[in-house]
Every structure is written in structure tokens, then in C-alpha cells.
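Secondary and tertiary structure notes
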Amino acid sequence: MDIDPWGSDSVDDYSKLFDEFGIDEFDVSDVPEPLDLMRRGIIFGERDYDLVKEAMREGEEFAALSGFMPSGNLHLGHLMVLRELVWHQQRGADTYFVVADLEAHSARGMSWEECERYAREYVLSLLALGFDPEKGTVYRQSDNDELRDLAFELGEQTNFNELNAIYGFDGETNIGHMQSTLTQAADILYPQLDEPKPTVIPVGTDQDPHLRLTRGLARRMRMFGVTEAYASFEIEDEHKSVVREAVKDTDGELTAEELAETVEDEELADRLRAGGDETLRARTRVLSRDAPDEAFDAVRDELEALGSVEPFDEHLDVYDADRERVEKVVREVEVEHGGYGFYPPSSFYHRFMTGLTGGKMSSSVPKSHIAVTDEPEDASEKVMSATTGGRETAEEQREKGGDPDDCPVYELYAYTVAKDDEHAERVYEECANGERLCGGCKSEAADLTADFLEEHQEARDEARETLEESDIEL
Ligand code: TRP
Ligand code: SF4
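What this report covers is the structure whose coordinates are included nearby.

About the thresholds
Residues numbered from 1 in each chain as written. Chains lettered and ligands numbered in written order. Predicted model: local features only at pLDDT ≥ 70, side-chain atom pairs only at ≥ 80, totals over all residues. Heavy atoms only, no water. Salt bridge = Lys/Arg side-chain N within 4 Å of Asp/Glu carboxyl O. Helix = DSSP H or I, 4+ residues; strand = E, 2+ residues; numbered from the N terminus. Buried < 20%, exposed > 50% of the residue type's maximum accessible area, 1.4 Å probe, protein only. Near = heavy atom within 4 Å. Nonpolar A, V, L, I, M, F, W, Y, C, P; charged D, E, K, R; others polar. Polar contact = N/O pair within 3.5 Å; in protein donor to acceptor, adjacent residues only side chain to side chain. Areas by Shrake-Rupley, 256 points an atom, 1.4 Å probe, with all protein chains shown as cover.

Here's the deal with the pattern of salt bridges
Within the structure shown, the criterion is met by 35 salt bridges. The salt bridge partner of Asp30 is Arg57, with a shortest N-O separation of 3.8 Å. Remark: Arg57 occurs in helix H3 (residues 49-58) and Asp30 occurs in the loop between strand S1 (24-25) and helix H2 (36-39); sequence separation between them is 27 residues. Accessibility expressed as a relative area gives 48% for Arg57, which makes it partly exposed.

What about the site of ligand 2?
Ligand 2 sits among Thr388, Gly389, Gly390, Gln397, Cys407, Val409, Tyr410, Cys431, Arg436, Leu437, Cys438 and Cys441. For the shell around ligand 2, the secondary-structure elements that each account for two or more residues are helix H18 (408-417) and helix H20 (438-469). Residues belonging to the shell around ligand 2 are distributed by class as follows: seven nonpolar, four polar and one charged.

Here's the deal with the site of ligand 1
The environment of ligand 1 is formed by 13 residues, the closest being Met69, Glu103, Gln184, Asp187 and Gln207. The contact in question runs from a nitrogen atom of ligand 1 to an N or O atom on the side chain of Gln207, over 2.8 Å. Relative to its free-state accessible area of 360 Å², ligand 1 is covered by the protein chains to the extent of 94%. At the level of secondary structure, the elements contributing two or more residues to the shell around ligand 1 comprise strand S3 (63-68), helix H9 (175-189) and strand S6 (199-204). At four residues, the largest contribution of residues to the shell around ligand 1 is made by S3. For the shell around ligand 1, the class distribution of residues is six nonpolar, five polar and two charged.

Here's what the structure looks like:
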């Protein structure tokens, strides 16, 4: 399975994302005052979101950033990202909204004028949903020199083959489009330019390739890497858990060749045998990637205060020190010596809204979506003619129940218009057990959608003034 961020495929099996791409299941249990989208399982996956949760809990600095190509009507599906940004801002995040006009120009052929017009539309909804322009930042990619410089530097850390492998580009892909992936990587790291901090990128799953690229780049932009190690020689990441277990109770007593006799994996056994009678001992390894000598020496001095340090040519091993504290010290020294010290970007992923006509909700197919600027009556009509997860006949529906899991109307409730969790659950239950019929269900959703739009449009009107008065430049 490939993910194409510019394609029109919908994701039909979210569970594959966990196994194939290493996305973790989103755990709502330790999120303070979670967003409804988190509670209702619409936000389902994440990478490294713990970093952000911890910063939220500890009152430390953190950031949130996301954005869109200004390339079509803003619809209800887009509002998820905007609400996710506002929610983080309200919890203290340094929050950014990106107008991805370079991407829209290169990948969608949008003119700069069109970009500006759509950008305004998007920002009005962002403000209407409660974004505070005094505390947060809105920028256009084309207008941000620092961003473009960072994108250029990131370009030095990747090559054609890597981009092709991640995005499925080939010799026909235009260079501007390729560059736009580096611009997006720069967006993702932009909140950390002044100072490294945990940063969450809330997106739909189609954006995950950009996160994979950027997580690799963030690592390569560091002067130092911090890893777990057990011997002077390297052990592959996939084998570390076996060694970790073995060393837990035998720290400094078991030799590599002794452990080799007991492990099943041949590759690991060979590696350990080559290690001979060196005793295995847990340690934190700090690797230098072209770090200047002064930085390397400074790291060693600082770490000596934390534990015992064994220096090698290109790395240091630190014993009896907490890994997180080592990481913190290393990052600080790196930044003092002019490095970036990037945290790997965190992300979380929401399910896409299904189009009202089935398939993916798309801004280029008006009937598939409800645009935030649709007339409320028109929107109601779209809801009334939506496909549903209902049965052929009312009788059959009463008997067997409908399928809310395969119904864009149910999604309207769950994602946007339900009054509260209880309401969303009731719709689900009543549909599944046959108490609810599609006609009535749709007209309830249609009314709620019209109400929602009226309210949102009023808030957008008020936001026009806020936009004029703010220092947001589009
Ligand atoms: N690629 C995104 C889209 O297709 C827009 C985007 C650009 C973005 N930079 C970003 C999203 C950074 C999240 C984070 O709409
Ligand atoms: Fe969808 Fe409502 Fe029909 Fe159930 S009753 S299938 S939720 S429209």
C-alpha cells in the first residue's frame, strides 16, 4: 500500500497504517480535556504524540502546525484540522497555520491570485473557530524567506532516490513539485527554528509521507544522535529489545559470546559472537554527526556531571544516567553551538470524512462536500440527497438495522453537528438497532447542518474585521 498525498484515493483500511507505516494507536486516556474528535475515535493514530502530551502536562513549551493548499472550497472535512489547531492553541501551544501556496502552485497549477483568494477563505474560518492571531502565526509559504532557506538546507540532506521511494515520483515529476515536499518539511520544522520544542502536526493520513520524510530529515539535521547501546559494537535496533531483556538482571556480568549461545536470531548471534568476551552493559550512546570539536568536548564535560562517560572517536557512552536527561543536555549543548537540536515532529491522524455521494470528500466535487460558504438551504438539500448506510426498504431497516459505520450522514453527526457525545452515540445505536430510519435521520442532520453553517458564517463575518486588524498578511 502506498499513500499519495496528491491522489484521490480514500483510505479503506486504517489498520494497515499501524503495521505498514509504524503509526501508533491514538490513546485518548491521558489527554486532558480531549477534543470531541479524540473522544469519538475520529483521531485514531499518532506518532510521538507523547512528547506533546508531556509538554502540555508539565507546562513546557510546545507547538502545533498544520496547513492546506489554497486550492478549492473549504469544506467540513477541512474544519477538523482547524479545530485541532485551535484546541492546541487554547492549551498553550505556539500555533501556526500554513497557506501552502508554493505547493498549490506547483502541484495543482493554482495562480497566485487564486491562492490569495482561497487563503482568505481558510483564514476566516480559522478565526471564526477561535484562533487567536495575536498569539499564533499565519504565513504563506511564498512569503517566508526563513522557511525557504530552511527548505534549501533540508534539500542538502536528501536525494532523488529517497523522494522517489517515499512519494512514488518518477522522471516526469516537475522539480517545483519535488521542491514543495522540502518546503513542507521546512513548514513542519519551522516552529523549532528559534528553539527546539515538541511540535504536533495534526493532519489526515494522506500527509503521513511528509512526516516520514521530515522525521528523517530532522534527525539528519542534528549534530548529535542519542541511542540505547549495550556494547562497544552496534546492535541493530530490531535486536535491542532482546539484549535489553537479557542485560536487565546481568548488567556487566554476561559476555557477548555467552548471550550468543541463547538467542534465536542468527544475525544477532553472529554479531554477539564477534563481540567475544566483552561484557554487555546498558548505556546511552551519544553519536556525533559532524559535530564541531568544541561541541563534542562540551557534551562530554556536561555529561560527566550525569554519569560515567567513556569517550570514543565519534561517540560517547554514558553509564548510569537517565536517557531523557542525556538527551536534554545534548540538545542544549547543540543549540549553544549553533545547531538546530530538532525534536522529531509528532503527528496525529484523523479519519477522512466520506463524501456525501460516497468516496472521498473532495473540494473539487461540490456535491460531495458541504462548503463552509454554502447557503444553509443548499447544504440541507445536499444532506437530504446523500447516500446512506441504510437498507433498501424501511421494513428491512427496522428488522436488520442500518450501517452507521458506512454512512456519510452518521459522519456528519459524529464529526460536526452532534450536540454532544451522547447525541452521537444515540444516533449510532438507534441506526444500528433499526429504530432510526434514514428519512428522519437525514432531515435532523440537514437542520443541524443548516444551523451550524448559519452560526459559522456569522462568526466568519465577524472575523473579517479581526483579519483586517491583525498582522496576518495574505
Ligand atoms: N500538503 C498539505 C495539503 O495538501 C498542506 C501543507 C503544507 C501542510 N505544509 C504543511 C500540512 C505542513 C501540514 C503541515 O493541503
Ligand atoms: Fe445513516 Fe441515519 Fe440512515 Fe443510519 S439511519 S444509515 S445513520 S442516514
